[in-house]
Amino acid sequence: MVRGVRGTWCGTLLLAGVLVAGTSGCGPETPAEPGVPPSGTSGPAEPGTTATTTAPGTTTPTTAPGTTPAPGTPTASGTSTADPHPAEVLVEVVVNGGLAGVSNKLVVHADGSWTSRSGTEEPRTGRQTPAETARLRAALEDPAYARVPERPTGDPVADGFQYYVTYRHRLVVTGDGERPAALQRVFAALPEGGPPTNP
């Protein structure tokens, strides 16, 4: 009799425990496992990183911050980063005629280096100072020089020289009897004091 009462009492306690456990559906939610993103997110962020979002229709830059394009690379404005070539010809002067019948040529480059050829002699070379090159460039870029006639306008001088000056694909032909001030400033700024007239 005692054992039957004890068994009934123990069974009642077990049944009560099962019923209490069965009501856990109204209890707190089970915590999410570590590394599992909350609902509505695309995925977990890697440790040590910060998640960022990009607005629709925007693009990210393709060049890393702090970097500059390589020389010669077109920029956003369409221009190039390359500098003018120092060997570019600034001006060319050819001299013909005179008593000795010379045929000489002087070429000055953008960096101030120059080469002068006189007949069959070995060419002479040199380099102007930056200030001298700037003076020559200023004389050539003077608007007054652009108005110098491209062909002789006066009477030729007997046994005189003829000068052929080429600057930016514009050829000016002149002689000893006609030297406008703008042309004279160009001649005065040439290496060795002027056009190569020596035989």
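Residues numbered from 1 in each chain as written. Predicted model: local features only at pLDDT ≥ 70, side-chain atom pairs only at ≥ 80, totals over all residues. Heavy atoms only, no water.

## Side note on the confidence of the model for the protein
Here the protein shows a mean pLDDT of 73. Residues at 70 or above account for 58%. Confidence over residues 1-6 falls short of pLDDT 50; this stretch has 0 contacts with residues more than four positions distant or in other chains. Note on residues 58-82: pLDDT under 50 across the span, and 10 contacts to partners over four residues away in sequence or across chains. (pLDDT = per-residue confidence, 0-100. Contact = heavy atoms within 4.5 Å.)

## Focus: helix α4 (residues 181-189)
Within α4, burial applies to Ala 182, Leu 183, Val 186, Phe 187 and Ala 189. On its buried face, α4 sits against α2 (130-141), α3 (143-146), β5 (161-167) and β6 (170-175). (Buried < 20%, exposed > 50% of the residue type's maximum accessible area, 1.4 Å probe, protein only. Helix = DSSP H or I, 4+ residues; strand = E, 2+ residues; numbered from the N terminus.)

## Comments concerning the nonpolar core
Judged by nonpolar contacts, the single largest core of 24 residues is most densely connected at Val 91, Val 93, Leu 136, Leu 140, Tyr 145, Val 165 and Leu 190. Looking at this core, the elements with two or more residues in it are β1 (89-97), β2 (102-109), α2, β5 and α4. Among the elements that line this core, the one with the most residues is α4, at 5 residues. Apart from residues lying up to four places away in sequence, Leu 190 is in contact with Val 91, Val 93, Leu 106, Gln 128, Leu 136 and Pro 195. (Core = buried A, V, L, I, M, F, W, Y, C linked by side-chain atoms within 4.5 Å.)

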